[in-house]
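Take a look at the letters that make up each chain.
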Amino acid sequence: MPIAGQDKRMADTERHPFLHGLSKHRGAPPTVVVIFGASGDLCARKLMPAIYNLGVDGLLPADFYLLGFGRKEIPDEEFRAHTAAAIKEFSRRELTEDVWSRLKARTFYVSGGYDEPAAFDRLAARIAGLEKGIGQELQTLFYISTPPSVFAPILANLGTSGLAARYVRKPNQSKVIIEKPFGRDLPSARALNHQMTSVFEEPQVYRIDHYLGKETVQDLLVQRFANAIFEPLWNRNYVDHVQITVAEEVGVGTRAGYYEQSGCLRDMIQNHAMQLLALTAMEAPVNLSAESIRDEKVKLLKAIQPFKLEGPNADLARAQYSEGFIGGQPASGYMQEKDISPTSSTESYAALRFNINNWRWHGVPFYLRSGKRMARRVSEIAIRFKGAPGALFAGSDKFALANNTLAFQIQPDEGMSLVLNAKIPGLETRTQPVKMNFKYSTTFGSNTAEAYERLVLDAMVGDSTLFIRGDETESSWALVTPILEYWKSKGRDGLDDYPVGSWGPKNSDALLVANGHVWREP
Ligand code: NDP
Ligand code: BG6
C-alpha cells in the first residue's frame, strides 16, 4: 500500500517535471556588484555572462548596478561595449536588446589603483551617488577578480575607506567574493584569512571554488542523502576504493606566468579536487545550512592522515606532459610551452592516495588525480564496491564479472552510471558487466546555468553553502603544504612525464598497484 506522502511527492514531480522555478527566498535585495579587475579574462569569460544570464532569468533585483574597477582609464561607454562583446562571445544565451538595455544603463566604471586610497573614496562616492539616485541603500558585493598580488591592497583599502564596514549598519549589507588562489601554502592562507577577517566578518566573506557551483557537484549531496539505498553501502564494509579524476585536455596555454608559480597541486587539487573528495566522504550534515555542511567537510579533511612523502609506500606522484598527439594533432610538451623556465619542476599532473582515518573509511584508499593535456576533458568520482562472494558465479569463463562501480560524471557528459553484472540472453547462463546510465541532458535538457551564475546569485542572497570557510581552506592547505615543500626540495628529482593525450604517468599507476588496483579509463 503506497504511503500518502510518497504519492504526493510523485504527483508533484509529475506536474513539474523539471522544477526550474526558484523559490521566493532567492530574491536579492537592491545590490551593486563591484568587480575589481573588471578588464580581465575571468570577468569577460565568466562573470559578465553570469550576471547577464541572471538578468535573463529575472533573478537580478530591480535596483541592480554593476561597477567595474581597474587601473586603466575606461569611460563608462567603453566598459559597456566591452561587457556587451564579452556576453556575445561567452554567454550560454544570446545577448538580447531587452535585457541588455536595462543592464547597460546600470553599468559603470571607476578607474584607479588598487593601492590608491583616493580611488576607493571615489568608489564610495559613486556608490553613494547611486543610492541617492534611488533613495535607498544598496547591498555592496565586492568581487576581487585580480591576480593575488593585489588582494592585500584591495582589502586594506576596503577597510580604511569604510566600504567594508557598511555591514555594521545593516547585517550582510556588504560582502566580498574572493577568487582563487586563496594563498599558496598554509602560512600565506592563514595570513590572508587574518587580513580578510580583520576587514570583514567571516559571514561576509565568500571564498569561491567554482567547482562547488557545478550542477553535478551539488547533486552529489542530493544523491547521497536523498536516496536511502546508498548510505548503508557507503563505508569500509562495502567500498573497495574510490577514484577521483579531474582531467583536462587543455595545456598551460598562455598562462605560464601564473602556472609556473602554481602547478597542479595548488591549481586543481588543494581546492577543486579536494572539495569533490570532501563531499563524497563526509558524514551527513545535521541540516542543509552552510555551517552544518562546512562543519562536516572540515571534520573530514581533519581525518585525512598525513601523506607519506617518500619510499616505496609514498602516497604521491607528479609529472609533466611530454610531446604527443591530441585529437590527431601533434602537441608540444610542457617544457616546450611558451615562457616555461628551462629548469622548471612545475607539475602539470599530480596524483595522491588519501587514507581517511575515521570509523567510516578506515582502510579504504581514495585515489585522486588531476592533470593537463590528458586524453580528454573529464571529471568523475568513481566508487568501486567490493566483489560479490564468488560462491555461485565463479570458476568458469562463462562468468565475466566486474565489481559494481558507481560513477558520478561531473563534466562534460554530466550524469551517473552504475556497473552491474547481468545474464547474457541465451540458452545457457553466461554473464557480462553492463552499465546503467543516467544523463542530465536527456532528463533535464542541456542549457543549464553555469557555476558562476549560481555562485554570484548565492552571494547576493547571502547563502554561503557553496563557498569555502576560512578553517576549511586552512585544513586543505595543511594537508598539501608538506608535499609542496617536499617537491620543492627535490627539484626535478622524481618528476615523471606522460605523453600529451594519455591518461598520465607510470609513477601514478604505482600508487594503486600496491593495493592491486588500476586507474579506470573514464
Ligand atoms: P587577469 O590576469 O586577466 O587580471 C585581471 C585584471 O587584474 C587585469 O585585467 C588587470 O586590470 C588587473 N591586473 C592584472 N595584473 C595585475 C597586476 N600585476 N597588478 C595589478 N593589477 C593587475 O586575471 P584573470 O581575470 O584571469 O583572473 C582573475 C582572478 O581569478 C585570479 O585570482 C585568478 O587566479 C582567478 N581565476 C581565473 C580563472 C580564469 O579562467 N581566468 C579561473 C579561476 C580563477 P587593470 O589593468 O584594468 O587594473
Ligand atoms: C581553474 C584552474 O581553477 O580551473 C585552471 O585555474 C583550470 O587551470 C580550470 O583549467 C578548470 O575548470 P573547469 O571548470 O574547466 O573544469
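So, a few notes on the structure that sits alongside this text. Keep in mind the model is a prediction, meaning the values are calculated, not measured.

1. Thoughts on the site of ligand 2
Taken together, the neighbourhood of ligand 2 is formed by Lys180, His210, Tyr211, Lys214, Glu248, Arg255, Asp267, Met268, His272, Lys372, Arg377 and Gln411. Interatomic distance of 2.8 Å between a side-chain N/O atom of His210 and an oxygen atom of ligand 2. Contact between ligand 2 and Lys372: an oxygen atom at 2.8 Å from a side-chain N or O atom of the residue. Contact with the protein chains hides 80% of the accessible area of ligand 2, taken as 400 Å² for the molecule alone. Per-element accounting of the shell around ligand 2 gives the leading share, three residues, to helix α9 (residues 256-281).

2. Regarding empty space enclosed by the protein
Under the defined criterion, the tally for this structure stands at two cavities of 30 Å³ or more. In this structure, the largest cavity encloses a volume near 140 Å³. Around the largest cavity, the lining comprises 14 residues; the ones closest to its centre are Phe182, Gln270, Asn271, Ile468 and Thr473. Put simply, the parts of the chain that give the lining of the largest cavity at least two residues each are α9 and α13 (470-490). No other element matches α13, which puts four residues into the lining of the largest cavity. In this structure, the second largest cavity spans a volume of roughly 40 Å³. Listing elements by their share of the lining of the second largest cavity, those giving two or more residues are α8 (215-226), β14 (405-411) and β15 (415-423). Counting residues per element, the lining of the second largest cavity draws most heavily on β14, at three residues. Looking at the lining of the second largest cavity residue by residue, the classes come out as four nonpolar, three polar and one charged.

3. Brief notes about the sheet that holds β14
Strand order in the open sheet made by the nine strands is β16-β15-β14-β13-β7-β12-β11-β8-β17, with mixed pairing throughout. Every interior strand has two partners, whereas the edge strands, β16 (431-439) and β17 (496-499), have only one. Strand-to-strand twist of the sheet, defined as the mean angle between neighbouring strand axes without regard to direction, takes the value 20 degrees. With seven bridges connecting them, strand β11 (residues 349-355) and strand β12 (residues 365-371) associate as antiparallel partners. Each bridged residue has a counterpart across the sheet, and for Arg353 the counterpart in β12 is Tyr367. Sitting on the sheet, α13 is in contact with β8 (316-322) and β11, with an inclination near 55 degrees to β8.

What counts, and at which threshold
- Residues numbered from 1 in each chain as written.
- Chains lettered and ligands numbered in written order.
- Predicted model: local features only at pLDDT ≥ 70, side-chain atom pairs only at ≥ 80, totals over all residues.
- Heavy atoms only, no water.
- Near = heavy atom within 4 Å.
- Polar contact = N/O pair within 3.5 Å; in protein donor to acceptor, adjacent residues only side chain to side chain.
- Areas by Shrake-Rupley, 256 points an atom, 1.4 Å probe, with all protein chains shown as cover.
- Helix = DSSP H or I, 4+ residues; strand = E, 2+ residues; numbered from the N terminus.
- 1 Å grid on protein atoms, 1.4 Å probe; cavity = no way out; pocket = protein on both sides within 12 Å on 5 of 7 lines; lining within 4 Å.
- Points joined across faces, edges and corners; volume = space filled by probe spheres on them.
- Nonpolar A, V, L, I, M, F, W, Y, C, P; charged D, E, K, R; others polar.
- Pairing = 2+ DSSP bridges.
- Axes fitted to C-alpha atoms, helices over the stretch in contact; angles between N-to-C directions.
- Contact = heavy atoms within 4.5 Å.

Function-wise, these values are silent; they only describe arrangement.
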